[in-house]
Amino acid sequence: MSRQRYSYQPRVGHGLPHDPLNSIIAPRPIGWISSLSAAGVRNLAPYSFFNCFNYQPPIIGFASLGKKDSVRNILETGEFVWNLVTRPLAEAANESSASVAQEVDEFALTGLTPMTGDLVQAPLVAESPVNFECRLTQHLQLQNADGVALDSWLILGEVVAVHIDPALLEEGIYQTSKAQPVLRAGGPSAWYGISEAERFDLVRPDARRK
Ligand SMILES: Cc1cc2nc3c(=O)[nH]c(=O)nc-3n(C[C@H](O)[C@H](O)[C@H](O)COP(=O)(O)O)c2cc1C
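Rules used in this analysis
- Residues numbered from 1 in each chain as written.
- Predicted model: local features only at pLDDT ≥ 70, side-chain atom pairs only at ≥ 80, totals over all residues.
- Heavy atoms only, no water.
- Phe/Tyr/Trp six-rings, centres within 6.5 Å; stacked < 30°, edge-to-face > 60°.
- Buried < 20%, exposed > 50% of the residue type's maximum accessible area, 1.4 Å probe, protein only.
- Helix = DSSP H or I, 4+ residues; strand = E, 2+ residues; numbered from the N terminus.
- Core = buried A, V, L, I, M, F, W, Y, C linked by side-chain atoms within 4.5 Å.
- 1 Å grid on protein atoms, 1.4 Å probe; cavity = no way out; pocket = protein on both sides within 12 Å on 5 of 7 lines; lining within 4 Å.
- Points joined across faces, edges and corners; volume = space filled by probe spheres on them.
- Nonpolar A, V, L, I, M, F, W, Y, C, P; charged D, E, K, R; others polar.
- Near = heavy atom within 4 Å.
- Polar contact = N/O pair within 3.5 Å; in protein donor to acceptor, adjacent residues only side chain to side chain.
- Areas by Shrake-Rupley, 256 points an atom, 1.4 Å probe, with all protein chains shown as cover.
- Contact = heavy atoms within 4.5 Å.
- Patch = residues over 30% accessible without salt bridge, like charges linked within 9 Å, V, L, I, M, F, W, Y side chains within 5 Å.
- Salt bridge = Lys/Arg side-chain N within 4 Å of Asp/Glu carboxyl O.

Summed over the entire model, instances satisfying the criterion amount to 5 aromatic pairs. Ring geometry for Tyr6 against Tyr8: centres 6.1 Å apart, planes inclined by 50°, an arrangement best described as tilted. Owing to a relative accessible area of 52%, Tyr6 belongs among the exposed residues under this scheme. Owing to a relative accessible area of 29%, Tyr8 belongs among the partly exposed residues under this scheme. Ring centres of Phe50 and Trp82 lie 5.9 Å apart, and the angle between their planes is 5°; this geometry places the pair in the stacked category. Here the residue Phe50 occupies a position in strand 3 (residues 50-54), and Trp82 occupies one in strand 5 (residues 79-83), the gap between them amounting to 32 residues. Across this residue pair, the class does not change: Phe50 and Trp82 are buried. Joined through ring pairs, the aromatic side chains of Tyr47, Phe62 and Phe80 make up one cluster.

Take the nonpolar core next. Ile33, Ile60, Phe62, Ile74, Phe80, Trp82 and Ile155 are the most contacted members of the largest nonpolar core, which has 18 residues in total. For this core, the secondary structure elements donating two or more residues are strand 2 (42-47), strand 4 (59-65), helix 2 (69-77), strand 5, strand 8 (130-143) and strand 9 (149-164). By size, the runner-up hydrophobic cluster in this structure holds 12 residues, among which are Ile30, Val85, Ala92 and Phe107.

It is worth spelling out the layout of surface pockets at this point. Within this model, the largest pocket holds a volume of roughly 890 Å³. Trp82, Leu84, Phe132, Tyr174 and Thr176 are, among the 23 residues lining the largest pocket, the residues nearest its centre. Counting residues per element, the ones that place at least two in the lining of the largest pocket are strand 3, strand 8, strand 9 and strand 12 (182-184). It is strand 3 that contributes the most residues to the lining of the largest pocket, 4 residues altogether. Of the residues in the lining of the largest pocket, the class split is 20 nonpolar, 3 polar and no charged.

The next thing to look at is the site of the ligand. Taken together, 18 residues form the shell around the ligand, and within it Pro46, Tyr47, Phe49, Leu65 and Ser70 come nearest. In the model, an oxygen atom of the ligand is placed 2.8 Å from a nitrogen or oxygen of the Ser97 main chain. Protein chains bury 86% of the 640 Å² of accessible surface belonging to the ligand in isolation. Contributions of two or more residues to the shell around the ligand are made by strand 2, strand 4 and helix 2. Here the shell around the ligand takes 4 residues from strand 2, the largest share from any one element. Residues of the shell around the ligand, tallied by class, amount to 8 nonpolar, 6 polar and 4 charged.

In this section: the environment of Val104. Locating Val104 in the fold gives a position in the loop between helix 3 (90-95) and helix 4 (106-110). Each C-alpha atom, one on Val104 and one on Ile194, is 33 Å from the other, the two residues being 90 residues apart in sequence. Leaving out residues up to four positions away in the same chain, Val104 has contacts with Val41, Arg42 and Leu109.

What follows concerns a nonpolar patch on the surface. There is a patch of nonpolar side chains on the surface, built from Val162, Ile164, Leu169 and Tyr174 and spanning about 300 Å² of accessible area. Here Val162 is to be found in strand 9.

Following this line, the structure appears as structure tokens:
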């Protein structure tokens, strides 16, 4: 590289006080994933390696670094629920990330209310204004560029039922900022909110040509 850059190869090391990766790919939406083990224990945990990958049918996914309880449960039952983390729920979402034994119900741990869904057995977070009921479509063990398997797991699921607090629908249009979603950034503790003041609109070139 001839331009002035701080460059490094991740396999060799970043050489910085903190790995900048999750500060750069940021802020990330959060997959607040609830699931049920085959034995019937409820589980809830946040995953910021999370996104939406398809529109119709909607497919969402998250990556677990290590085969965590959420992954084990989803592989056992084939189901999970995504819950929107909002500013009032951020502390509870953070608490639900505590490393606890598989037998521990994070709903009880955080004081959140489990709610029954329509199509899956996994519980919804009643306090969250948006919940997606999902069925597992694919799971993938990630590998590096040499084909070596990593202890990282990608879970993908089809959204089979959507539940939205009607207060977030104005004339049928979902109001993103009204929900006060929160996003995860870098370091051990950085999160961000969003506001309508930060919004800007861009029309796609294909749409302008019509
Ligand atoms: C905001 C936030 C985002 C997180 N994102 C991830 C993630 O993307 N992948 C991951 O493996 N762990 C992530 N974690 C850590 C897990 O939530 C934590 O390991 C949790 O105990 C896993 O729970 P489980 O074993 O019940 O699935 C995150 C934690 C927080 C607070």
